[in-house]
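# Understanding the architecture of this molecule
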Amino acid sequence: MSIRWKYFVALLCISLGPLFLAGGIMQRGALRLERTVSDVAGAEITHMVTTQLEQDAENASKSVLRGTAALTFALRSLAVDAERTFAQPFLRAPKVYFSEDFNKPLRAPTDLVEDRRYTRRTSAGEAKPMPVSFGHPVFLLAQGLELRRAAPDLARLSQLLGVCQDIFTYSGYAAHRVYVALESGVSMAYPGFGGYPPGLDLRKAGWYARARDTGRTEWSGLLYSRNTGRVLIALNRPLYDQEGRFMGVAGIEAPVSWFLQEARLASQWSEEMRSFLVSARINPDSKQLGLQITVERDSRNQGEPEEEKPVEYRWMQPVDDPKFDRLVESVRNGESGSMEIDYAGRPSIWAFAPVEGSTAFLLVVPKTVAMGVPDKLRKDVAAHAADQRSTALLVALAAVGGAALLSFLAAKRASDMVTHMVGAWQRLAGGDFTARLRMHTGDERDLLVEAFNETVPKLADHMRLSRSMALAREVQQNLLPRSSPKMPGLDVAGTILFCDETGGDYYDAFALPGHAGRRMAVAVGDVSGHGAAPALLMATVRAMLRAASETHRSLAERVALVNRQLYADVAPTGRFMTLFCAEFDTALGRIRWVRAGHEPAWLYDPWTGEFEELRGEGVSLGFLEDTEFEERERGFDRRGQFALLATDGVWESMNAKGETFGRHRMLDVVRRNADKSAAEIVQAVLAALESFRGGTHCEDDVTLAVVKRT
């Protein structure tokens, strides 16, 4: 049995007392909840449903009002643009497309696309998307109207394309079609598509005559579009010229389904909800005031109808209930509220809110939907309480029997284990690396014992290695210049940042003996690899280079001597070291250098603000036994000049994104700090490097030295 289950059983036994107490409290609470649900929840939830439905109806009516207001504003913009356009001289008309052009591929606009909002019935009765142009309107000429006479109106109507496109852009699915019909018999509709009857004269339409006769902007009744097979409602506005003469009608058509889609009903009781737009009118059949259905939507079928047919107005069937008459009267008076009235033979809640005039938004939900919520809640609570009581009883009976014995055994065995382990850790903390655990439990705790016994010897080895590495680091740090060497005419600073305890980078600066304190050697190098071996090789090269500097050989000869001695030591290992060694002569104002496989140094001239690379030929030290190194020389006599020596750990440092610091970034930092001391230049580069890495661990040693002419 695993320790997980042992501790689980022990804790379960200890918790029996709180378990019984919690069980009693939960039972009493469940009984009180049942009584509360039975007495109060029914009435409260019914009231909540009614209130929510009233709020849904009001929100829906407000949404429809906002939508119709937006369409009204869009129509006003179209009318204003049309009247202004016709008040100006017409320009030459661009290419226009008539209805018949859209059915001929060679003459149709090139931007035709199929849009699901515009469909045409095939001979088989299927709804097929129509090709529609949103870049070109369609133009219609009344029967007998010649194209020559219609040209001025065509040109002016063409200028309304922009406002038509704006209306579609900002109204979304609200606008189905935008149109302008003129007294001249010329008409334009947007978007452009075919299917209009030849010689269609919109002046004969009822909505055209009403707009002309009344002079008002008004909504039409329900319309059926034979072109697209959609049921629409149109908003029309008359147009007048500058003299106030009637010249046509502008209009926007909106699909009736949009009105209910815009409502965005989100009631949690809407599974069987019915929604309507109704108007209080006199029924021509009964000659009595009733509710005429303008738009109807069944929440069980939220999508578009599979087929729409020509419009026939329907009326709400009156019920033998005086409250229905009061509801009709409330709709006519523009009131909002709710009533309980039968619908389709079922007791229902009717919620209504005014939209405009005697038009209202109506929601109908069966009352059983609302009452089903508290009934289901009451049953669920009772069942849940019964399950809790049974479960608590069974658990308590099963746990009581072995609680005391299991608790005692588990506690004793666990405490013995802890006591032995604490003693072993105390011995280890005191420095006794012979401490071991000798015990067997038969479960996962044996893994802990094995891990402890395996860790102690490794920890002892690690401690010995750490002390050795600390000593090696101390020795290597002592080999570096303890302070910047002083020499009249020179300002010298340098540093090394090791990525491990020890490293293979090399930096040294010392005055050359026998030259009256006027010549200084500065060197940087990079040994291949990291760790103790490169550190030893670096110390060896340092000693060789300093010893060779005691001779009177040239700089190139001294480097060659070091190379021969080093090759004899490292040839079998395959290791090598790059080196850049420079001598600065303050008396002659010269710099001499040798480059042994290392990156070039840089010389900065404050008079030009430019860097010069100090190049030269020579392979890495220890690579070949007999090799010659090229020694180069140039002037170093201008105040403010300085040489920059570095290893590739500077520009190859990477940040968390994998980007390298780069030579250009390093030189840019140096250039910005060129007027500062050598030590300040070094610190500026290190600070920029640390900021660039952002805490990322360095993968290579960083070495940097600056020698400045003062």
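Conventions adopted
Each chain carries its own residue numbering, running from 1 in the written order of its sequence. Local features in this predicted model are restricted to residues whose pLDDT is 70 or higher, and side-chain atom pairs enter the listing and the counts only when it is 80 or higher, whereas totals over whole chains, interfaces and linings include all residues. The side-chain figures draw on all heavy atoms in the structure; neither hydrogens nor water molecules are used. Under the scheme used here, helices are H or I runs from DSSP no shorter than 4 residues and strands are E runs no shorter than 2 residues, and both carry numbers assigned from the N terminus. Only protein chains enter the accessibility calculation, which uses a 1.4 Å probe. A residue is then buried if its area is under 20% of the maximum for its type, exposed if over 50%, and partly exposed in between. Here a residue-residue contact requires only that any non-hydrogen atoms of the pair lie within 4.5 Å. As a per-residue measure, pLDDT reflects the predictor's confidence and takes values from 0 up to 100. In the sections that follow, a salt bridge refers to a side-chain nitrogen of Lys or Arg positioned within 4 Å of a carboxyl oxygen of Asp or Glu. Here a strand pair is declared whenever DSSP counts at least two bridges between the two strands. Axes, fitted as lines to C-alpha atoms, cover a helix only where it is in contact. Angles between the N-to-C directions of the axes lie from 0 to 180 degrees. Classification of ring pairs uses Phe, Tyr and Trp, with its six-membered ring standing for Trp, and accepts pairs whose centres are within 6.5 Å; under 30 degrees between planes counts as stacked, over 60 as edge-to-face, and the remaining range as tilted. Here, a charge over a ring means that NZ of Lys or CZ of Arg falls within 6 Å of the ring centre while also lying within 35 degrees of the ring normal. Throughout this description, the term nonpolar core refers to a set of buried Ala, Val, Leu, Ile, Met, Phe, Trp, Tyr and Cys residues connected via side-chain atoms within 4.5 Å. Patch construction takes residues with relative accessible area above 30% that form no salt bridge. Like charges are linked within 9 Å, and nonpolar side chains (Val, Leu, Ile, Met, Phe, Trp, Tyr) are linked within 5 Å. Method for areas: the Shrake-Rupley scheme with a 1.4 Å probe, in which residue coverage is limited to the protein chains shown. Put simply, angles under 35 degrees are roughly parallel, angles over 145 are roughly antiparallel, angles from 65 to 115 are roughly perpendicular, and the rest are oblique. Left-handed describes a crossing whose near helix is turned anticlockwise from the far helix through less than a right angle; right-handed describes the clockwise counterpart. Under the convention used throughout, the expected extent of a helix is 1.5 Å for every residue step, that is, one less than its residue count.

## Concerning the overall build of the chain
Within the chain, the secondary structure is distributed over 13 helices and 26 strands. Residue burial in the chain is summarised as follows: out of 710 residues, 45% are buried. Relative to all contacts within the chain whose residues are 6 or more apart in sequence, the contacts with residues 24 or more apart total 65%.

## What about the confidence of the model for the chain?
Within the chain, residue pLDDT values average 82, and 79% of them lie at 70 or more. Within the chain, the lowest mean pLDDT, 61, falls on helix H1 (residues 3-14), and the highest, 98, falls on strand S25 (residues 642-646).

## A word on the pattern of salt bridges
Per the stated rule, a full pass over the model turns up 28 salt bridges. The partner of Asp-81 in a salt bridge is Arg-84, with the nearest N and O atoms 2.6 Å apart. Of this pair, Asp-81 and Arg-84 both sit in helix H2 (residues 16-86), three residues apart, roughly one helical turn. Its relative accessible area of 43% is what places Arg-84 among the partly exposed residues.

## Quick word on the sheet that holds strand S19 (residues 519-527)
If you trace the five strands from one edge of the open sheet to the other, you get S18-S19-S20-S21-S24, paired in antiparallel fashion. One side of each edge strand has no neighbouring strand; the edge strands of this open sheet are strand S18 (505-511) and strand S24 (631-635). Here the average twist between neighbouring strands, direction ignored, is 15°. Relative to strand S21 (residues 590-596), strand S20 (residues 577-585) runs antiparallel, the two sharing six bridges. Each bridged residue has a counterpart across the sheet, and for Glu-583 the counterpart in S21 is Arg-592. Contacts from helix H10 (residues 532-548) reach S18, S19 and S20 within the one sheet, and its direction differs from that of S18 by about 20°.

## Quick look at the sheet that holds S25
Read from one edge of the open sheet, six strands run S16-S17-S26-S25-S22-S23, paired in antiparallel fashion. Of all strands in the sheet, those bounded by a partner on one side alone are strand S16 (486-487) and strand S23 (610-614). Strand direction decides the pairing type here: strand S17 (residues 490-497) and strand S26 (residues 702-709), joined by eight bridges, are antiparallel. Opposite Gly-494, over in S26, you have Ala-705 as the bridge partner. On the sheet, helix H13 (residues 678-693) packs against S17, S25 and S26 and is oriented at approximately 150° with respect to S26.

## What about the packing of aromatic side chains?
Inspection of the entire model under this criterion finds 19 aromatic pairs. Between Trp-207 and Tyr-208, the aromatic rings sit 6.1 Å apart at their centres with planes inclined by 70°, giving edge-to-face as the arrangement. Given the relative accessible area of 0%, Tyr-208 is considered buried. With a centroid separation of 4.9 Å and an interplanar angle of 55°, the aromatic rings of Tyr-604 and Phe-611 are classed as tilted. With respect to burial, Tyr-604 and Phe-611 carry one shared label: buried. An aromatic cluster is present here, built from Tyr-179, Trp-207, Tyr-208, Tyr-240 and Phe-246 joined pairwise through their rings. Lys-95 extends its terminal NZ or CZ atom over the ring of Tyr-97, reaching a point 5.1 Å from the ring centre.

## Describing the nonpolar core
Within the largest apolar cluster, 54 residues are counted, with the highest numbers of intra-cluster contacts made by Leu-78, Leu-157 and Val-180. The contacts of Val-180, once residues within four sequence positions are left out, are Leu-78, Leu-157, Leu-160, Val-186, Ser-187, Met-188, Leu-239, Val-249 and Ala-250. Residues Met-487, Leu-561, Phe-584 and Phe-629 belong to the second largest nonpolar core, which totals 48 residues.

## A few points about unusual backbone geometry
Between Tyr-190 and the following residue, Pro-191, the backbone shows a cis peptide bond with an omega angle of 5°. For Pro-191, the position within the fold is in the loop between strand S6 (186-190) and helix H5 (206-214). Unusually for a residue other than glycine, Lys-287 sits at a positive phi of about 60°. Its place among the elements puts Lys-287 in the loop between strand S10 (274-282) and strand S11 (289-298).

## As for the pairing of S10
Taken across its nine residues, S10 has seven buried, putting it largely inside the fold. Relative to strand S15 (residues 359-366), S10 runs antiparallel, the two being bridged by six bridges. Residue pairing across strands places Arg-274 opposite Val-364, the latter belonging to S15.

## Examining a nonpolar patch on the surface
Together, Val-619, Phe-623 and Leu-624 give the surface a local cluster of nonpolar side chains, amounting to about 250 Å² of exposed area. Looking at where Phe-623 falls in the secondary structure, it is placed in the loop between S23 and S24.

## Let's talk about the packing of helix H12 (residues 663-672) against H13
Between H12 and H13, whose axes approach to 9 Å, the crossing angle comes to 135°. What the angle tells us is that H12 and H13 run oblique. Where H12 crosses over H13, the handedness of that crossing is right-handed. Where H12 approaches H13, its residues Arg-665, Met-666, Val-669 and Val-670 are matched on the opposing element by Ile-681, Ala-684, Val-685, Ala-688 and Phe-692.

## Section: helix H11 (residues 555-570)
Over its 16 residues, H11 extends 22 Å from the first C-alpha to the last, a length consistent with the 22 Å expected when each residue adds 1.5 Å. Three or more residues of H11 are buried, namely Leu-555, Ala-556, Arg-558, Val-559, Ala-560, Leu-561, Val-562, Asn-563, Leu-566 and Val-570. Next to the buried residues of H11 lie H10, S20, S21 and S24.

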